[in-house]
Every structure is written in structure tokens, then in C-alpha cells.
Amino acid sequence: MCYGHQRSLSPNHHLDLPSRNDNALVVDNLRVRLAETEARLERARAREAELTRRLEEMKRFVSVMEILECYLKQRFREQQEYVARIFSSLPAK
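Here the residue index of a chain counts from 1 through its sequence in written order. Given that this is a predicted model, residues contribute local features only at a pLDDT of at least 70 and side-chain atom pairs are listed and counted only at 80 or more, while totals for whole chains, interfaces and linings are drawn from all residues. Note that the side-chain values use all heavy atoms of the structure and ignore hydrogens as well as water.

Trainee: Please explain the overall build of the protein as it appears in this structure.
Mentor: The helix and strand inventory of the protein stands at 1 helix and 0 strands. For the protein, the exposed surface amounts to about 9400 Å²; the carbon and sulfur share of it is 60%. Only DSSP runs of H or I reaching four residues or more are called helices, and only runs of E reaching two or more are called strands; each is numbered from the N terminus. For accessible areas, the Shrake-Rupley method is used with a probe of radius 1.4 Å. Any residue's cover is judged against the shown protein chains and nothing else.

Put into C-alpha cells, the structure is as follows:
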């Protein structure tokens, strides 16, 4: 029996300290990953907001173009009818 060496009460005492360090490292790693994920999510939300804004802008543009198209088609038909009336009223040679 060795009197100079005291034995720990816990048989896993030498594993407790590294285990706590490992847990702390895991927790720190998870915190870093969570922060990175939150930052990516923030960027994705900002990108989504920008794309939504641009989509709405494009929808308004398309709507204006459809109104113009309708107006121009109507004017074209009116001009065709006008020209047809003019030519129909001319005496035949």
C-alpha cells in the first residue's frame, strides 16, 4: 500500500475535467454555429425583402405596359377604321 499517493473518491475523476472542457467546447461551437446561422438567416431575409420589392416593382411595370398595349391596340384599330373610311369614300377610277 502506498501512503504517499491519495486515490480519488470518484473512479472517473480524471475524466470529469476533460469532459467539462469538451462540453464547454461543444457549447461554444454550437453558439458560433448558431450566430453564423442567424447571420445567414438575416442576410436571406434581407435578400427576400429586396427581391419582393423588385417583384412588386416589375408587376407595376408590367401592369403599365399592359395598359399601354391595350391603348395602342385601340388607337391602331381606330386608325385602321379611319383609313378604311377614307378609302371607301374615294370615288373609284
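Trainee: Please clarify how the pattern of salt bridges should be interpreted in this entry.
Mentor: When the charged atoms of two side chains lie near each other, side chains of opposite charge can form a pair. Salt bridge, as used here, is a side-chain nitrogen of Lys or Arg placed within 4 Å of a carboxyl oxygen of Asp or Glu. Per the counting criterion, the structure on display carries 6 salt bridges. Asp28 serves as the salt-bridge partner of Arg31, at 3.7 Å between the closest nitrogen and oxygen. Here Arg31 pairs with Asp28, and both are found in helix α1 (residues 13–89), just 3 residues apart, close to one helical turn. On the accessibility criterion, Arg31 (56% relative accessible area) is exposed. Residue classification places Asp28 among the partly exposed positions, given a relative accessible area of 40%. Note that Lys73 is salt-bridged to Glu69, the shortest N-O span being 3.6 Å. Here Lys73 pairs with Glu69, and both are found in helix α1, just 4 residues apart, close to one helical turn. Exposure classes here rest on a 1.4 Å probe applied to the protein chains alone. A residue is buried below 20% of its type maximum, exposed above 50%, and partly exposed in between. Relative accessible area serves as the criterion here: at 46%, Lys73 is assigned to the partly exposed category.

Trainee: Where do I start with the UniProt feature "coiled-coil region" (unreviewed entry) in the protein in this structure?
Mentor: UniProt positions are given in the numbering used here, feature names are shortened, and annotations may be inferred rather than shown by experiment. Mapped onto the present numbering, the UniProt feature "coiled-coil region" (unreviewed entry) falls on residues 27–61. Secondary structure content for residues 27–61 is 100% helix and 0% strand, and the end C-alpha separation is 50 Å.

Trainee: Honestly, a nonpolar patch on the surface in this entry has me stumped. Any pointers?
Mentor: Candidate patch residues must exceed 30% relative accessible area and have no salt bridge, after which like charges are joined if within 9 Å and Val, Leu, Ile, Met, Phe, Trp or Tyr side chains if within 5 Å. Residues Phe61, Val62, Val64, Met65, Leu68, Tyr71 and Leu72 make up a contiguous nonpolar surface patch of about 670 Å² in total accessible area. If you trace the backbone, Val64 turns up in helix α1. When its relative accessible area of 44% is taken as the criterion, Val64 is described as partly exposed.

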